[in-house]
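Residue strings, one per chain:
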Amino acid sequence: MIYFQLFWNFFVIGCFSFGGGYAMLPLIDRLVTSHGWMSVEEFTEVIAISGMLPGSIGINAAVFVGFQTAGFTGAALTALGMVLPSFIIILLIGKFVQDFQDRKFIEQVFYGLRPVIMALIIFSAIKFALSMEIITSFSWKSTSFLIVFLIALGFLIFKKTHPMLVIFISGICGIILYY
Amino acid sequence: MEMKLKTLYKLFFTFLKVSPITFGGGYAMLPLIEREVVKRRKWLNEHEVVDILTVAQTAPGAVAINSAIFIGYRVAGLLGSIVALFGIMLPNLLIVIIAIFMYFAFRDNPIIEAVFNGLASAVIALIVYAAYMIGRTAISDLTTIVIALISFIILIFLNVNPVLLILGGGFVGLIFSKLKVTRKEKRKNRRRNVS
């Protein structure tokens, strides 16, 4: 039963994860916390690990959830559920859409879809920040969290630093600040 | 038949090879895929790859995996797409599972806990950065600002399923685009009538 639940839920997420890996995170977060499979704190750690590994952060996180919930079979079914919608949709496009004449229609749908995805991603960032108690309380820990966050964001936006490097250095900051 | 098997074999290993070297998600993978598929293997020309990448970005799912599926399909049909999909996914699946074991082995270690505390800030920064990158194309006028704000308010105050919100966003986008087109046409017609 859990197998079917994993497969089906991640299949649905796979159908609606427009905008790549990061856009999947709010959907997975909602699924995981509403089923009680993980707490928000645990899921934040999962995302941290997923971001450090090669490949799509969303699929990595999904596989992590699948494995933790139902072992190897769970991980495999989660991955399958996640990519099956892409597979079906792309084969349909490959078979039936020749010159991408429907681009205008797609562009019109995406015009309204992208702002929603942006809101979803920002909302999940705020949720994670709340779960790490960055915003809620004023303490040395929350202040240092905020400083590392701002520096990391600055490097990502203005210096185009590779995400992997940002993650690596912030891990070292973690050892210096909290160990 | 033998030719076909050889192509499938090559497809599998091309994507297997591209997969584990790409940290930082799908977009980092695209130039590599292009180099392998266009320049080395000469399976497709540059125009075809650009079209494929456009579809890969519009279809739901991870961009790199979508591209692998589509390229596999174009090169060797249904079997090709399956082989390419497995090629690009297998190394990552193995790496993720190894990482999970390491996580459970070390997560109570105080150093690892400190590392995760540091990582949390970076993860949130990465998520905000992803929102910023999408925002650069998403927020193009007043309508899109309003859509983003309304979805944000809905998310905060109503426990609505994100899937519904995404569907709603697509629907609203379609309606507003159509309205804009008709308004433009009306304006044009009016001008024509005046003159």
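Everything quoted here is computed from the prediction, not taken from an experiment.

## Let's talk about the overall build of chain B
Okay, step 1: Of regular secondary structure, chain B possesses seven helices and zero strands.
Okay, step 2: Helices (α) and strands (β) of chain B occur, in sequence order from the N terminus, as α-α-α-α-α-α-α.
Okay, step 3: Relative to a compact globule of 195 residues, whose C-alpha radius of gyration would be 16 Å, chain B shows 23 Å and is clearly more extended.
Okay, step 4: In terms of overall dimensions, chain B has a C-alpha envelope of 70 × 55 × 25 Å along the principal axes.
Okay, step 5: Counting over 195 residues, chain B shows a buried share of 47%.

## Some remarks on the overall build of chain A
Okay, step 1: From N to C terminus, chain A includes seven helices and zero strands.
Okay, step 2: When its helices and strands are written in sequence order, chain A yields α-α-α-α-α-α-α.
Okay, step 3: With respect to the principal axes defined by its C-alpha atoms, chain A has extents near 55 × 40 × 25 Å.
Okay, step 4: Within chain A, buried positions represent 56% of all 179 residues.
Okay, step 5: Across chain A, every contact between residues at least 6 apart in sequence was considered, and the portion connecting residues at least 24 apart equals 61%.
Okay, step 6: As presented, chain A carries roughly 7,900 Å² of accessible surface, and 72% of it is formed by carbon and sulfur atoms.
Okay, step 7: With 9 positive and 8 negative side-chain charges, chain A shows a spacing of 9 Å between the two charge centroids.

## Things to note about the domain arrangement of chain B
For interface size, the figure often reported is the accessible area lost on association.
Okay, step 1: You can read the domains of chain B as domain 1 (1-106), domain 2 (108-138) and domain 3 (141-195).
Okay, step 2: Using only C-alpha atoms to locate each centre, domain 2 of chain B and domain 3 of chain B end up separated by 31 Å.

## Describing the pattern of salt bridges
All names here are of chain A.
Okay, step 1: Applying the stated criterion across every chain yields a total of five salt bridges over all chains.
Okay, step 2: For K127, the salt bridge is made with D29, and the minimal N-O distance between the two is 2.9 Å. In this pair, K127 sits in helix α5 (residues 103-131) while D29 sits in helix α2 (residues 21-34), placing the two residues 98 residues apart along the sequence.
Okay, step 3: We note a salt bridge from E107 to R114, for which the minimum N-O separation is 3.6 Å.
Okay, step 4: A relative accessible area of 44% means that E107 is categorised as partly exposed.

## So, a positive patch on the surface
Okay, step 1: Where like charges cluster on the molecular surface, the positive patch consists of B:R183, B:K184, B:K186, B:R187, B:K188, B:R190, B:R191 and B:R192.
Okay, step 2: Along the chain, B:R187 turns up in helix α7 (residues 162-194).

## Some details on helix α4 (residues 57-96) of chain A
Okay, step 1: With 40 residues, α4(A) should reach 58 Å at 1.5 Å per residue; the first-to-last C-alpha distance of 30 Å falls well below that figure.
Okay, step 2: Of all the bends in α4(A), the greatest measures close to 145° and is centred on A:A70.

## Details of the interface of chain A and chain B
Okay, step 1: Each side of the interface is counted separately: chain A has 88 residues, and chain B has 89 residues.
Okay, step 2: Of the roughly 8,300 Å² buried between chain A and chain B on both sides combined, carbon and sulfur atoms contribute 80%.
Okay, step 3: When the buried area of chain A at its contact with chain B is split by residue, A:P54, A:I90 and A:Y111 rank highest and sum to 9% of it.
Okay, step 4: Remark: the boundary between chain A and chain B carries zero salt bridges.
Okay, step 5: Counting residues per element, the ones that place at least two in the side of chain A that touches chain B are α1 (2-16), α2, α3 (40-52), α4, α5, α6 (140-158) and α7 (163-178) of chain A.
Okay, step 6: Among the elements that line the side of chain A that touches chain B, the one with the most residues is α5(A), at 24 residues.
Okay, step 7: Residue classes in the side of chain A that touches chain B are distributed as 63 nonpolar, 17 polar and eight charged.

## Some words on a nonpolar patch on the surface
All names here are of chain A.
Okay, step 1: Taken together, the side chains of L165, F168, I169, I172 and I176 define a hydrophobic patch exposed on the protein surface, amounting to about 510 Å² of accessible area.
Okay, step 2: Note that I176 resides in helix α7.
Okay, step 3: Of the residues examined, I176 reaches a relative accessible area of 66% and is grouped as exposed.

## Quick look at the environment of A:F123
Okay, step 1: Here A:F123 shows up in helix α5.
Okay, step 2: A C-alpha to C-alpha distance of 21 Å links A:F123 and A:V65, two positions 58 residues apart in sequence.
Okay, step 3: Not counting residues within four places of it along the chain, the set of residues in contact with A:F123 comprises B:F152, B:L155 and B:I156.

## What to know about the nonpolar core
Okay, step 1: Residues A:F10, A:I28, A:F43, A:I59, B:F15, B:I65 and B:M89 are the most contacted members of the largest nonpolar core, which totals 115 residues.
Okay, step 2: Counting residues per element, this core draws most heavily on helix α4 (residues 63-106) of chain B, at 20 residues.
Okay, step 3: Every residue in contact with A:F10, bar those within four places of it in the chain, is listed here: A:I28, A:L31, A:A62, A:V65, A:T78, A:G81 and A:M82.

## Digging into unusual backbone geometry
Okay, step 1: With phi around 55°, A:K160 is a residue other than glycine that occupies positive phi space.
Okay, step 2: The phi dihedral of B:K42 is positive, around 55°, even though this residue is not glycine.
Okay, step 3: Counting through the fold element by element, B:K42 comes out in the loop between α2 (26-40) and α3 (46-58).

## Re the UniProt feature "transmembrane region" (unreviewed entry) in chain B
Residues and elements named next belong to chain B.
Okay, step 1: The positions UniProt marks with the feature "transmembrane region" (unreviewed entry) are residues 12-32, 78-105, 111-132 and 139-158.
Okay, step 2: Taken end to end, residues 78-105 is 100% helix and 0% strand, and its first and last C-alpha atoms sit 41 Å apart.
Okay, step 3: Between the C-alpha atoms that bound residues 111-132 there is a distance of 32 Å. The span itself is 100% helix and 0% strand.

Calculation notes
- Residues numbered from 1 in each chain as written.
- Chains lettered and ligands numbered in written order.
- Predicted model: local features only at pLDDT ≥ 70, side-chain atom pairs only at ≥ 80, totals over all residues.
- Heavy atoms only, no water.
- Helix = DSSP H or I, 4+ residues; strand = E, 2+ residues; numbered from the N terminus.
- Rg over C-alpha atoms; globule rule 2.2 N^0.38 Å.
- Buried < 20%, exposed > 50% of the residue type's maximum accessible area, 1.4 Å probe, protein only.
- Contact = heavy atoms within 4.5 Å.
- Areas by Shrake-Rupley, 256 points an atom, 1.4 Å probe, with all protein chains shown as cover.
- Lys, Arg positive; Asp, Glu negative; His and termini not counted.
- Charge placed at Lys NZ, Arg CZ, Asp CG, Glu CD.
- Domains from an automatic or database assignment.
- Salt bridge = Lys/Arg side-chain N within 4 Å of Asp/Glu carboxyl O.
- Patch = residues over 30% accessible without salt bridge, like charges linked within 9 Å, V, L, I, M, F, W, Y side chains within 5 Å.
- Expected span 1.5 Å × (residues − 1).
- Bend = angle between axes of the 7 residues up to and from the residue.
- Buried area = accessible area lost by both parts, 1.4 Å probe.
- Nonpolar A, V, L, I, M, F, W, Y, C, P; charged D, E, K, R; others polar.
- Core = buried A, V, L, I, M, F, W, Y, C linked by side-chain atoms within 4.5 Å.
- UniProt positions renumbered as here; feature names shortened; annotations may be inferred.

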